[in-house]
Amino acid sequence: AHGLKRLAQWQRHPNADQRRRDRVRVARGARLVRGGNPESALDSLAPVTRGGDETLSQIAAAWAARAALATGRRDSALAFAALARSEALDAELASTAIATQQVDFAEQLLRRRAPEWRALSPFHAPIAALAKSGRVASADTIIRSTLEGRATRVERARLLLEAGAWAEHAGRIEEARLRYDRALELTSDSTISKNAIVQLSLLEIRTASTLEAARSRLDRAKGRLADAPEI
């Protein structure tokens, strides 16, 4: 409470220029979000999201997105997330939404923002959670968007390995095989290539219809990978 009072005093200080006042608004808004007062936080943050300082505007938009989601203003949360342009924020908002039974919002956010992501690791968990909630088709659409987006080939291959494992766990064997194959095609990264081959080999062994076929596939896999204790 004392900190918020001091921030308000500084905001009214005659020597505070506009940039300093905006910084105070962001600090106050962030504190209000953390303190469980998102409604007041939005009043403080929203004007800064339209300011001239791009970095400060993005920080304000990130906190405003959190506040908007907390108050149920989903359209505003999506708009603020687009202004913030933060992969970490997108992943955080999606995970929070899924955890609070707002799966529709998480799906909308992930589908809308996926083409912009460069780093995909933060999204492995929320995309998996989306698929687990029954939105398999939406999760597939989001994965396809990332493959056509701005992420590097290595990032896309890592996501495909994860997505292959989700599909295999759900019993969608052919889909899993296609994703492992695609990951192998995307990059020559030695670790990813090895992991893709391991997963493909294990998939072949697991889906053998007879013990003899399983042994044959096991021998073939061991011949393909000299150093693969998983096999």
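In this model, the protein carries an average pLDDT of 92, and 100% of its residues clear a pLDDT of 70 or more. When mean pLDDT is compared element by element in the protein, helix H4 (residues 54-70) scores highest at 97, while helix H1 (residues 2-11) scores lowest at 83.

Its 17 residues give H4 an end-to-end C-alpha distance of 24 Å, which sits within 8% of 24 Å, the value for a rise of 1.5 Å per residue. Those residues of H4 lying buried are Leu56, Ser57, Ala60, Ala61, Ala62, Trp63, Ala64, Ala65, Ala67, Ala68 and Leu69. Where H4 is buried, its residues meet helix H2 (18-34), helix H3 (38-45), helix H5 (74-84), helix H6 (87-99) and helix H7 (103-113). Backbone nitrogen of Thr55 and a side-chain oxygen of the N-cap are separated by 3.2 Å at the start of H4; the cap is Asp53. The positive-phi residue at the C-terminal boundary of H4 is Gly72, with phi of around 80 degrees.

For the rest of this paragraph, the subject is the packing of helix H10 (residues 153-169) against helix H12 (residues 190-206). Interaxial distance between H10 and H12 falls to 10 Å at its minimum, and their mutual angle equals 20 degrees. For the element pair H10 / H12, the angle class is roughly parallel. Relative to H12, H10 is oriented so that their crossing is left-handed. Seen from H10, the contacting residues are Val154, Ala157, Arg158, Leu161 and Glu168; seen from H12, they are Ile192, Asn195, Ala196, Gln199, Leu203 and Arg206.

Analysis parameters
- Residues numbered from 1 in each chain as written.
- Predicted model: local features only at pLDDT ≥ 70, side-chain atom pairs only at ≥ 80, totals over all residues.
- Heavy atoms only, no water.
- pLDDT = per-residue confidence, 0-100.
- Helix = DSSP H or I, 4+ residues; strand = E, 2+ residues; numbered from the N terminus.
- Expected span 1.5 Å × (residues − 1).
- Buried < 20%, exposed > 50% of the residue type's maximum accessible area, 1.4 Å probe, protein only.
- Contact = heavy atoms within 4.5 Å.
- Polar contact = N/O pair within 3.5 Å; in protein donor to acceptor, adjacent residues only side chain to side chain.
- Axes fitted to C-alpha atoms, helices over the stretch in contact; angles between N-to-C directions.
- Parallel < 35°, antiparallel > 145°, perpendicular 65-115°, else oblique.
- Left-handed = near helix turned anticlockwise from the far one by under 90°.

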